[in-house]
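# Coordinates in review
Chain by chain, the residues run as shown.
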Amino acid sequence: MNEPSVKGKQPRVVDNTSNFETIIIGCGIAGASLAYFLAERDVSDILILEREEQPGYHATGRSAAVLVELDLVPSILELKLLGGQFLRNPPSGFSDNPLLQKSGILITFQGPLWEQARQMVPGLKQSGVAVNILSQEETVSMIPVVSPENFDGAVLLPEDGHIDVNELLWSYLKHARHRGAQLRCQEEVLSIRVDRERCFNVITSAGEYRSRWVINAAGAWAEKIRRLVGPSPVQLTPRRRTIITFAAPDGLYVKNWPLVADLSNALYFSPESAGLMASPMDEDPMAPCDARPDELTVAQTIERLNQLTPRLVPKAITNKWAGLRTFAPDQAMVVGEDPVVKGFFWLSGQGGAGIETSPAVGRIASGLILDGRTRLMDVRPISPARFTD
Ligand SMILES: Cc1cc2nc3c(=O)[nH]c(=O)nc-3n(C[C@H](O)[C@H](O)[C@H](O)COP(=O)(O)OP(=O)(O)OC[C@H]3O[C@@H](n4cnc5c(N)ncnc54)[C@H](O)[C@@H]3O)c2cc1C
């Protein structure tokens with residue numbers, strides 16, 4: 001991937017059609033969801049700029065795409081609960097197909113993590129989440145390949161499961177475009193000029209536009225985008241996560257399994273079209289890039305399957321991929337107007353929960369942009385101002 005550079009570029013002359021109310025940089029799930037919620041509030045003057053040939057090419061298109069309404073970071077849990085409501089009951093006509101398949105999530109825990117997880121269950125139930133605690137025996141009878149030596153107990157979320165990320169992404173875009181939002185792919189933002197405190201000129205590989213709001217929805221590149229307007233108050237770290245797919249072992253019916261995550265030993269696996277997928281839950285920090293799986297991590301995945309669920313060790317890998325999950329130091333998202341550059345809005349740091357939280361984050365961001373506030377949650381834990389206060 002080329003580094004942004006304006007050297008030698010001659011931007012197209014600005015004309016009247018180059019003025020926008022809102023420019024969104026990046027068309028992953030974050031940018032698409034904000035375009036949808038702004039358009040729902042009758043903002044049609046939106047331009048979405050995406051460097052790649054198609055939306056969702058990076059983290060969004062590589063995710064495991066599950067809804068898991070359990071999280072140790074309180075603000076992420078709150079956003080997941082809000083996101084889950086939308087995914088289960090989207091507005092009428094929003095999508096052609098269901099967004100959520102309630103295939104279930106089963107998480108096993110050991111030691112102090114198990115205590116922490118158990119303490120969260122009453123609060124989850126109070127919030128309306130369907131959640132059951134399973135003993136070692138109950139867990140093994142449901143998923144016969146796990147071994148009780150590796151966990152003390154499990155939490156089952158039977159109403160959670162796989163999100164149709166393609167359907168979600170394209171439904172956001174379909175409605176936003178229907179209401180006037182424009183999407184331009186293969187157009188990279190190279191430079192941003194701040195002018196008269198609130199207005200920006202955004203210079204791309206194809207031209208120059210003026211906008212009142214500039215939204216930083218650039219995923220792993222978000223910190224780089226912020227640096228285009230000055231030193232960034234927020235440090236974001238992209239971390240690679242790898243997934244492999246393989247055939248299920250002969251004689252084992254896996255299609256009705258939930259996604260099974262062993263948080264204490266860092267492995268998850270789940271049914272996937274013709275077979276199974278697995279991830280070693282790797283978190284290697286790296287510079288923003290078109291992430292690829294590396295052989296060592298793939299080998300570690302097989303090794304971990306061998307240790308924890310030897311029956312699942314594949315004869316051959318049918319596919320593998322990797323993507324970047326981007327985190328702020330405190331693991332919470334970064335959503336809100338920049339504390340220094342007015343009109344520059346962060347929609348970043350979605351980490352490992354950007355798909356499931358997108359209906360909540362998009363709506364919250366649209367409220368902050370249009371009304372300067374939101375009633376949905378206390379946004380202080382996700383505000384970029386927390387890094388300068
Ligand atoms: C293996 C894996 C498993 C995951 N599992 C889950 C899960 O189960 N549930 C869940 O909710 N989330 C999951 N995630 C996380 C989720 O995928 C991300 O949080 C989410 O996709 C982030 O979306 P985004 O729009 O911020 O970023 P992206 O999808 O990366 O989009 C950012 C876009 O900005 C564009 N861009 C960058 N710079 C420029 C520029 N200068 N000009 C124009 N365009 C630019 C990029 O090309 C890119 O398309 C997973 C991620 C991975 C990698």
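The model shown is predicted, which means the values in this text are computed figures rather than measured ones. (Residues numbered from 1 in each chain as written. Predicted model: local features only at pLDDT ≥ 70, side-chain atom pairs only at ≥ 80, totals over all residues. Heavy atoms only, no water.)

## Thoughts on the packing of aromatic side chains
What the rule picks out here adds up to 13 aromatic pairs. Between Tyr36 and Tyr172 the ring centres are 5.7 Å apart and the planes differ by 45 degrees, which places this aromatic pair in the tilted class. With Tyr36 in helix H1 (residues 29-40) and Tyr172 in helix H6 (residues 165-178), the pair connects residues that are 136 residues apart, well separated along the chain. One exposure class covers both Tyr36 and Tyr172, and it is buried. Geometry around Trp221 places Arg51 over its ring, the cationic atom sitting 4.3 Å from the centre. Positioned above the aromatic ring of Phe344 is the side chain of Arg226, whose terminal nitrogen or guanidinium carbon lies 5.9 Å from the ring centre. (Phe/Tyr/Trp six-rings, centres within 6.5 Å; stacked < 30°, edge-to-face > 60°. Helix = DSSP H or I, 4+ residues; strand = E, 2+ residues; numbered from the N terminus. Buried < 20%, exposed > 50% of the residue type's maximum accessible area, 1.4 Å probe, protein only. Lys NZ or Arg CZ within 6 Å of the ring centre and 35° of its normal.)

## Here's the deal with the site of the ligand
Residues in contact with the ligand amount to 38 residues; listed here are only the nearest, Glu50, Thr60, Val66, Gly351 and Glu356. Between Ile29 and the ligand, the recorded distance is 3.2 Å, taken from a backbone N or O atom to an oxygen atom. Gly351 places a polar main-chain atom, nitrogen or oxygen, 2.9 Å from an oxygen atom of the ligand. In the complex, 97% of the free accessible area of the ligand, which totals 1,000 Å², lies under the protein chains. Listed by contribution, the elements that provide at least two residues to the shell around the ligand are H1, helix H2 (59-62), strand S13 (237-246) and strand S18 (317-327). Partitioning the shell around the ligand into residue classes produces 18 nonpolar, 11 polar and nine charged. (Near = heavy atom within 4 Å. Polar contact = N/O pair within 3.5 Å; in protein donor to acceptor, adjacent residues only side chain to side chain. Areas by Shrake-Rupley, 256 points an atom, 1.4 Å probe, with all protein chains shown as cover. Nonpolar A, V, L, I, M, F, W, Y, C, P; charged D, E, K, R; others polar.)

## Structural notes on the pattern of salt bridges
All chains considered together, the criterion is met by 25 salt bridges. Here Arg386 makes a salt bridge to Asp330, at a shortest N to O gap of 2.7 Å. Here Asp330 lies in the loop between S18 and strand S19 (334-337) and Arg386 lies in the segment after helix H9 (358-371), a separation of 56 residues in the sequence. Classification of Asp330 as partly exposed rests on a relative accessible area of 36%. It is possible to trace a salt-bridge network through shared partners that takes in Glu40, Asp42 and Arg179. (Salt bridge = Lys/Arg side-chain N within 4 Å of Asp/Glu carboxyl O.)

## Some details on the pairing of S19
Relative to strand S20 (residues 344-348), S19 runs antiparallel, the two being bridged by four bridges. Bridge pairing in S20 places Glu337 opposite Phe345. Between S19 and S20, which pair antiparallel and follow one another directly, the connecting turn spans six residues, one of which, Gly343, has a positive phi of 85 degrees. (Pairing = 2+ DSSP bridges.)

## Here's the deal with the environment of Pro280
Residue placement: Pro280 occurs in the loop between strand S16 (275-279) and strand S17 (284-285). Spatially, the C-alpha atoms of Pro280 and Gln300 are 7.1 Å apart, while their sequence positions differ by 20 residues. When sequence neighbours within four positions are dropped, the list of residues in contact with Pro280 reads Thr242, Ala266, Thr297, Thr301 and Arg304. (Contact = heavy atoms within 4.5 Å.)

## Overview of the packing of H1 against H6
Packed helices, taken two at a time, are described by the angle their axes make and the gap between the axes. Between H1 and H6, the shortest axis-to-axis distance is 8 Å and the interhelical angle comes to 35 degrees. For H1 against H6, the interelement crossing comes out left-handed. Residues Ile29, Ala32, Ser33, Ala35, Tyr36, Phe37 and Ala39 of H1 touch H6, and the partners they reach there are Leu168, Leu169, Tyr172, Leu173, His175 and Ala176. Split by residue class, the contact of H1 with H6 holds 11 nonpolar, two polar and no charged. (Axes fitted to C-alpha atoms, helices over the stretch in contact; angles between N-to-C directions. Left-handed = near helix turned anticlockwise from the far one by under 90°.)

## Regarding helix H4 (residues 111-126)
Maximal helix bending in H4 amounts to about 30 degrees, located at Met120; proline Pro122 follows within four positions. Among the residues making up H4, those that are buried are Trp114, Ala117, Met120, Val121 and Leu124. Positive phi appears at Gly128, one or two residues downstream of H4, with a value of about 95 degrees. (Bend = angle between axes of the 7 residues up to and from the residue.)

## Re the sheet that holds strand S3 (residues 66-67)
The strand order across the open sheet built from three strands is S3-S8-S4, with neighbouring strands paired in antiparallel fashion. Looking at the sheet topology across the chains shown, the edges are occupied by S3 and strand S4 (100-101). Note that S4 and strand S8 (residues 161-163) share two bridges and pair antiparallel. Residue pairing across strands places Gln101 opposite His162, the latter belonging to S8.

## Examining the pairing of strand S10 (residues 189-195)
Here six bridges tie S10 to strand S11 (residues 199-204), and the two strands are oriented antiparallel to one another. Across the sheet, the residue bridging to Ile192 is Val202, located in S11.

## Here's the deal with the domain arrangement of the protein
Looking at the assigned domains, one finds that the protein contains domain 1 (16-61 + 166-235 + 330-387) and domain 2 (105-158 + 237-327). Each of domain 1 and domain 2 has a C-alpha centre, and these two points are 31 Å apart. Of the residues lining the interface, 13 residues belong to domain 1; the matching set on domain 2 comes to 10 residues. In total, domain 1 and domain 2 occlude about 930 Å² of area from one another, counting both sides; carbon and sulfur atoms represent 56% of this. On the domain 1 side of the contact with domain 2, Ala220, Gln331 and Gly351 bury the most area, a combined 40% of that side's loss. In this assembly, domain 1 and domain 2 are joined by zero salt bridges. Residue classes in the side of domain 1 that touches domain 2 are distributed as four nonpolar, eight polar and one charged. (Domains from an automatic or database assignment. Buried area = accessible area lost by both parts, 1.4 Å probe.)

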